[in-house]
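A closer look at the structure
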Amino acid sequence: MTTMKQLNIAVAVAVTVLIGMLGSSEAQLQMNFYAKSCPNAEKIISDHIQNHIPNGPSLAAPLIRMHFHDCFVRGCDGSVLINSTSGNAERDAPPNLTLRGFGFVERIKALLEKVCPKTVSCADIIALTARDAVVATGGPSWNVPTGRRDGRISNVTEATNNIPPPTSNFTTLQRLFKNQGLNLKDLVLLSGAHTIGVSHCSSMNTRLYNFSTTVKQDPSLDSEYAANLKANKCKSLNDNTTILEMDPGSSRTFDLSYYRLVLKRRGLFQSDSALTTNSATLKVINNLVNGPEQKFYEAFAKSMEKMGRVKVKTGSAGVIRTRCSVAGS
């Protein structure tokens, strides 16, 4: 007959195994991970941001986008930073060809290597830099637990297949976010990062000139906005260089303006418009727009922290690369 003591032991073992199955790597991320090994690490990063972002605020959006693109391929492991001489790394994939900020991150890494060699991961630098850059623009802050380690594999095909393109419809967005353990609320909130920054005509030209075999212009795009873009910005299907604000008139302010434009059918990308085609995501947008900005900030912060935990490498997994652009460093 099983004794109560044996039963308690069995339950304890089962709980321990379950926790392990849920992901021990996630549990190992912690606030101030470098408190003993490199106590000034986070200050060095935030100081560098504060010294440069106010003079170049347009870099904030690319840095948060870099974090997003890193986490969606093999988890948040810094693999998006790896350079390839043969053109087969993540940064060679179409979604990453317009990424900026690689040199900025590498300079921060060099500063940290001087103070604490082989200690602070490139993955953590990306995560902290994204947060501090948004804060420097007057946007929200969020917790960034650290302890991520770096990957050494960076694959162009994986990036192409896993990073949601701006041409995504709702089904594609839902699938790609679900693959990373992110839900529909996260989809809406993380899309809110489009409130700052710019893009190029190449990311949305098909909406204006070649939407489908039967319709040249995307009917979900406000016709007046489309006419304005055609006349003043993207004057042809072949325009790949003209810069567009993702949140016109408010592209340097982290606010709710992006969502208001989406509701007016003036979201720049097809993926922006897709958010209004599902009742659940549309409800989230309406709740945000009708609520205080602080509520958006708090919700955005939770989703950013959640994304920053996606499939992280910790403990004995991964490595600490000494140069972020070099896989074997």
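Residues numbered from 1 in each chain as written. Predicted model: local features only at pLDDT ≥ 70, side-chain atom pairs only at ≥ 80, totals over all residues. Heavy atoms only, no water.

1. Points about the UniProt feature "site: Transition state stabilizer" (unreviewed entry) in the protein
Applicable threshold: UniProt positions are given in the numbering used here, feature names are shortened, and annotations may be inferred rather than shown by experiment. Secondary structure elements follow DSSP: runs of H or I of four or more residues count as helices, runs of E of two or more count as strands, with numbering from the N terminus. By the convention used here, residues are in contact when the closest approach between their heavy atoms is within 4.5 Å.
Mapped onto this numbering, the UniProt entry annotates "site: Transition state stabilizer" (unreviewed entry) at Arg65. Within the secondary structure, Arg65 is located in helix H3 (residues 60-71). Among residues more than four places away in sequence, those in contact with Arg65 are Pro95, Thr98 and Leu99.

2. Details of unusual backbone geometry
Only a minority of non-glycine residues have a phi that is not negative, and only a minority of peptide bonds are not trans. Operational definition: Remark: exposure states derive from per-residue accessible area (1.4 Å probe, protein chains only) relative to the maximum for the residue type, with buried under 20%, exposed over 50%, and partly exposed in between.
A positive phi angle, near 65°, is found at Arg74, a position not held by glycine. Since its relative accessible area comes to 35%, Arg74 is described here as partly exposed. Phi at Lys118 takes a positive value of approximately 50°, unusual for a residue other than glycine. Mapped onto the fold, Lys118 is located in the loop between helix H4 (102-115) and helix H5 (122-136).

3. Some details on the domain arrangement of the protein
Quick note on the threshold: Bear in mind that the domain bounds are from an automatic or database domain assignment. Once two parts are put together, the accessible area they lose, assessed with a 1.4 Å probe and summed over both, is termed the buried area. For this document, the term salt bridge refers to a Lys or Arg side-chain nitrogen within 4 Å of an Asp or Glu carboxyl oxygen. As used in this structure description, the phrase polar contact means that two N or O atoms lie within 3.5 Å; if the pair is within protein, one of them must be able to donate a hydrogen and the other to accept it, and residues adjacent in sequence are counted only when both atoms belong to side chains.
Partitioning the protein into domains gives domain 1 (40-162) and domain 2 (170-307). Domain 1 and domain 2 are separated by 23 Å when their C-alpha centres are compared. Tallying the contact residues gives 21 residues for domain 1 and 16 residues for domain 2. A buried area of about 1,700 Å², summed over both sides, lies between domain 1 and domain 2, and 72% of it is on carbon and sulfur atoms. On the domain 1 side of the contact with domain 2, Phe72, Pro140 and Trp142 bury the most area, a combined 30% of that side's loss. In this structure, the connection of domain 1 to domain 2 is made through zero salt bridges. Summed over the shared surface of domain 1 and domain 2, the number is one residue pair in polar contact (both at pLDDT 80 or more). Looking at the side of domain 1 that touches domain 2, the elements that each hand over two or more residues are H3 and helix H6 (156-162).

4. Some words on the state of the cysteines
What counts, and what does not: Any two cysteine sulfur atoms within 2.5 Å of one another count as a disulfide.
Counting across every chain of the model gives four disulfides. Across the disulfide from Cys38 sits Cys116; the S-S distance is 2.1 Å. Judged by the sign of its S-S torsion, about 80°, the bond between Cys38 and Cys116 is right-handed. Note that Cys38 is positioned in the loop between helix H1 (4-28) and helix H2 (41-52) and Cys116 in the loop between H4 and H5, a separation of 78 residues in sequence.

5. What to know about the UniProt feature "binding site: Ca(2+) 2" (unreviewed entry) in the protein
UniProt marks Thr195, Asp247 and Asp255 with the feature "binding site: Ca(2+) 2" (unreviewed entry), using the numbering shown here. Spatial clustering of the annotated residues is evident: they stretch over 61 residues in sequence, but the largest pairwise C-alpha distance comes to 9.7 Å. Mapped onto the elements, Thr195 comes out in the loop between helix H8 (184-191) and strand E1 (198-200). Judged by relative accessible area, Thr195 falls into the buried class, the value being 0%. Along the chain, Asp247 falls in the loop between strand E2 (243-245) and helix H11 (257-263).

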